[in-house]
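Structure at a glance
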Amino acid sequence: MTVSTPPTLPPKIHPLVRAFLDAPGAVADALARFGSPAHLVFPQVFAENLGHFRDVLDEQGTGYRICYAHKVNQSRAFVRTAERAGIGIDVASAAELASAVDAGFATDRIEVTGPKGEAFLRALVGTGVTVNADNLWEVRRLAELADAPVPLLLRLSGFPATPVSRFGVPLWQAEEALALLAAHRDRITFRGFAFHIDSGEPAERLRAVEACLALTERAYACGLVPTVLNIGGGFRQVFTSDADAFDRYVVALRAGLLGRGEALTWGGNTFGFHLDGGAVHGTPVFHKYANTVPATRMLTDLLGAELEQHGGRAMARLAAENLLDIWLEPGKALVDHAGITAARVEFVKDVAADTTLVNLDVSRDTVTPADQEVMVDPVLLPGGDVPDTDHGDAPVGVFLAGRLCLERDLITNHKVWLPRRPRPGDVIVFPNTGAYHMDLSAANASMHPRPPKLAVAQRGDGFRVCRDEEYEPVAAAGSREA
Ligand SMILES: *Cc1c(COP(=O)(O)O)cnc(C)c1O
């Protein structure tokens, strides 16, 4: 069945990335030189995202520090760009710490987050990195191990009306934490409270801010001198260029699940929706693709939010009045639109009426965390030189399949409309894979090597592509960061 107006999921694509995709032969040359599939990162887009964050923060008149959350991508080019730009970095493992140091970060610009364990804690003592403590065991252990004061932030969790978290010190332990920090002032330099909430819900962050400010007051009363309020990351990405089209696709998908219209899903996949009494309920696994609020708007709104418990004063102003620098740990927001993944079409196979599989030389975990679903259309670039006289060049709905051998290992479990039927040798580009998609769950399944990671830079009116680890940013301007 052909649909008159195929439901599409138009991706947002950064102009620099678009220019690269449109440059004749640019993607094909990169794949010819370095192999297919490949991840491509765009450090200049990272730098631009960072600039937007700084613009928001510079307007507030507060001291601040941006710590790039390294775990979002293993790219050295991004880490080098962050280092050159003069920001901080948030690392969550010994290997990420080594990567940051290797890229030139002085230890006083490095913050270590996440649960740490004995060996890692021992390695951190005496280095000068700021330890963002996950729990009271870490605080006690650092006090035992330290010869000289260890700079420390205390991550809090368990805020009112917020689900229990596996990370951070629950609020009900805060008094115990303060007593511990006060008792070990000679071994621990307490810098302030921290949180990280992965939620698009502004009220949740505000409750966390209020709790941290209240505890900052308590800390003063205990003789401690906090100077930082760390609001973590979790600032959202925008994947879609057309929110209405996205909504239309999801409506069609839901209708298909109920048998009212063409089925758009492979093999009974329901994407986390549940069907009940002729209706579709629940939040789909791909809900992040529906977001239309840019990260900088989230940040602006948070900094400007009026806090009831503090006479309606704006959050950033309160921080400034309390002589607190605002620290933040954006990951995905800094790499938003700064990465793509390119793969080649191997063959196209019709498995049933209306069901066409386009087989690519990648596996699902190369382009998405396996429990999610890529809900923006990939870009089809010509590469196959044999015109397909059998099928013509009309739009076609297909499923993208990949390298793995399990039935469920399709790359897309929803039907993707492409402008024409792909041919062997064509290139399929997945937009915006820089945040968590490339590296978070990627494995060497079936002994396929991990794809190379390449850095793309616009230089003059052309592009230069090199291996990610060889990329060097051009010098960046300074800022007012703490
Ligand atoms: C993962 C993580 C971040 C980054 O989160 P994003 O959602 O990518 O911004 C920041 N801080 C901590 C503690 C994290 O674990």
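Description of the structure in this document.

What counts and what doesn't
- Residues numbered from 1 in each chain as written.
- Predicted model: local features only at pLDDT ≥ 70, side-chain atom pairs only at ≥ 80, totals over all residues.
- Heavy atoms only, no water.
- Core = buried A, V, L, I, M, F, W, Y, C linked by side-chain atoms within 4.5 Å.
- Buried < 20%, exposed > 50% of the residue type's maximum accessible area, 1.4 Å probe, protein only.
- Helix = DSSP H or I, 4+ residues; strand = E, 2+ residues; numbered from the N terminus.
- Domains from an automatic or database assignment.
- Axes fitted to C-alpha atoms, helices over the stretch in contact; angles between N-to-C directions.
- Parallel < 35°, antiparallel > 145°, perpendicular 65-115°, else oblique.
- Left-handed = near helix turned anticlockwise from the far one by under 90°.
- Contact = heavy atoms within 4.5 Å.
- Nonpolar A, V, L, I, M, F, W, Y, C, P; charged D, E, K, R; others polar.
- Pairing = 2+ DSSP bridges.
- Phe/Tyr/Trp six-rings, centres within 6.5 Å; stacked < 30°, edge-to-face > 60°.
- Near = heavy atom within 4 Å.
- Polar contact = N/O pair within 3.5 Å; in protein donor to acceptor, adjacent residues only side chain to side chain.
- 1 Å grid on protein atoms, 1.4 Å probe; cavity = no way out; pocket = protein on both sides within 12 Å on 5 of 7 lines; lining within 4 Å.
- Sits in = over half its atoms within 2 Å of the grid points.

One finds L21, Y68 and I231 to be the most contacted residues of the largest nonpolar core, which totals 111 residues. Here this core takes 7 residues from helix 9 (residues 202-221), the largest share from any one element. Residue assignment places this core across two domains, with domain 1 (15-42 + 337-469) and domain 2 (44-237 + 293-335) each supplying three or more. Counting 33 residues, the second-largest nonpolar core is a separate cluster that includes F286, L360, V376 and L400.

To continue, consider the packing of helix 3 (residues 43-58) against helix 11 (residues 295-304). When two helices pack together, their arrangement is captured by the angle between the axes and the distance separating the axes. Where helix 3 contacts helix 11, the axes come no closer than 10 Å and their chain directions differ by 15°. By the angle class used here, helix 3 and helix 11 are roughly parallel. Every pair of crossing elements has a handedness; the one defined by helix 3 and helix 11 is right-handed. On helix 11, the residues that touch H52, F53, V56 and L57 of helix 3 are A295, T296, L299, T300 and L303. Split into classes, the residues belonging to the contact of helix 3 with helix 11 amount to 6 nonpolar, 3 polar and no charged.

On to the pairing of strand 20 (residues 427-430), then. What you see with strand 20 is no split at all: V427 and V429 on one side and I428 and F430 on the other are buried throughout. In terms of strand pairing, strand 17 (residues 379-381) meets strand 20 through 3 bridges, oriented antiparallel. Bridging from a neighbouring strand, L380 pairs with I428 of strand 20.

Position of R80 among the secondary structure elements: in helix 4 (residues 76-85). Given the relative accessible area of 9%, R80 is considered buried.

Here we come to the packing of aromatic side chains. All chains considered together, the criterion is met by 12 aromatic pairs. Ring plane angle 80° and centroid distance 5.7 Å describe the contact between F53 and F235, whose orientation is recorded as edge-to-face. Pair noted here: F53 is in helix 3 and F235 is in the loop between strand 9 (228-230) and helix 10 (243-257), with a separation of 182 residues, a long-range link. A residue is classified by how much of its surface remains accessible, and F235, at 1% relative accessible area, is buried. With centroids separated by 6.0 Å and ring planes inclined at 80°, the aromatic side chains of F159 and F195 adopt a geometry described as edge-to-face. A residue pair is termed long-range when its members are at least 10 positions apart, and F159 in the loop between strand 6 (150-157) and strand 7 (169-170) and F195 in the loop between strand 8 (188-194) and helix 9 qualify at 36 residues. Taken individually, F159 and F195 each receive the classification buried, so the pair is uniform in this respect. Three or more aromatic residues joined by ring pairs make a cluster, and in this case those are F246, F271, F273 and F286.

We now examine the site of the ligand. K71, G234, E329, K332 and Y436 are the nearest of the 13 residues found near the ligand. Take E329: an N or O atom from its side chain is 2.6 Å from a nitrogen atom of the ligand. A molecule is said to occupy a pocket when more than half its atoms come within 2 Å of that pocket's grid points, and by this definition the ligand occupies the largest pocket.

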